[in-house]
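Notes for the structure review
Residue strings, one per chain:
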Amino acid sequence: ETFATAPTKVAAPASAEAVEKKKEVVRVLDDKRSQALAIMMSHLPPQSITVAGIKELDDTALTVDDLVALNANLPTPEETKAVLEAYQRPGTHKLDKPESFLLALGGVPSLAPRLHCWIFARQFNDRLSSVMEPLSLGLQAAEAALQSKSLPVFLSAVLALGNHMNGGTNRGQADGFDLDVLVKLTDTKGTDGTT
């Protein structure tokens, strides 16, 4: 008896009322789209909180990832129209969850621009800091180059050396040079073939 299997329970046949309720649920979207929306919805707060959060631009209700997912799954005008028509059809008692969600999103004014602006605002500081660090380094390098006392001396020596090496050619009396020449200095060889 200790190791005996528990008797299996036989499921009771579905009542006529349960079968009728199942028939009342209206689906408009194709299976793939419905499943994609259901998966997204499973990661979001409840529908009422999600829709209220979007309407009020409540940063505490939705994360940036939630907003990006919503933006990627926005209802098309055709989907919105089909869901609204199904909802208004006489005898429709209940929409399936994805259809109900799209209907609720359809009630948010200017949904797509609202989400785009909200995502931009929420990601702005991260984007700004990712741009500011390299920009700051570039500005520091430029400031160091402008204040350096040895850099102008080095550059004038490179110019003089280049003019001397090219003395017999039309490039021999240059007034300046491009900075990419500095990279090529390591390739310059003397008369004996060494650097």
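Structure: above.
Residues numbered from 1 in each chain as written. Predicted model: local features only at pLDDT ≥ 70, side-chain atom pairs only at ≥ 80, totals over all residues. Heavy atoms only, no water.

Things to note about the packing of aromatic side chains
Where two aromatic rings form a pair, the distance of their centres and the angle of their planes describe that pair. Counting across every chain of the model gives one aromatic pair. When the centroid spacing of 5.8 Å and the interplanar angle of 55° are considered together, the rings of Phe120 and Phe124 count as tilted. Within this pair, Phe120 and its partner Phe124 are both found in helix H7 (residues 111-147), separated by four residues, close to a single helical turn. On the basis of relative accessibility, which here comes to 45%, the residue Phe120 falls in the partly exposed class. Residue classification places Phe124 among the partly exposed residues on the basis of a relative accessible area of 37%. (Phe/Tyr/Trp six-rings, centres within 6.5 Å; stacked < 30°, edge-to-face > 60°. Helix = DSSP H or I, 4+ residues; strand = E, 2+ residues; numbered from the N terminus. Buried < 20%, exposed > 50% of the residue type's maximum accessible area, 1.4 Å probe, protein only.)

Quick word on a nonpolar patch on the surface
A contiguous nonpolar surface patch, about 650 Å² in accessible area, is contributed by Phe120, Phe124, Leu128, Val131, Met132, Leu135 and Leu139. Here Leu139 is to be found in helix H7. You can call Leu139 exposed: its relative accessible area is 56%. (Patch = residues over 30% accessible without salt bridge, like charges linked within 9 Å, V, L, I, M, F, W, Y side chains within 5 Å. Areas by Shrake-Rupley, 256 points an atom, 1.4 Å probe, with all protein chains shown as cover. Salt bridge = Lys/Arg side-chain N within 4 Å of Asp/Glu carboxyl O.)

Some remarks on the pattern of salt bridges
Between side chains of opposite charge, pairing is possible as soon as their charged atoms come close. Under the definition given, this model contains four salt bridges. A salt bridge links Glu79 to Arg33; its shortest N-O distance comes to 2.7 Å. Here Arg33 lies in helix H2 (residues 31-43) and Glu79 lies in helix H5 (residues 77-88), a separation of 46 residues in the sequence. For the residue pair Glu79 and Arg33, the accessibility class agrees, reading buried in each case. Salt bridges sharing common partners tie together Arg27, Asp31 and Asp96.

Functional significance is not addressed by these values, which are geometric in nature.
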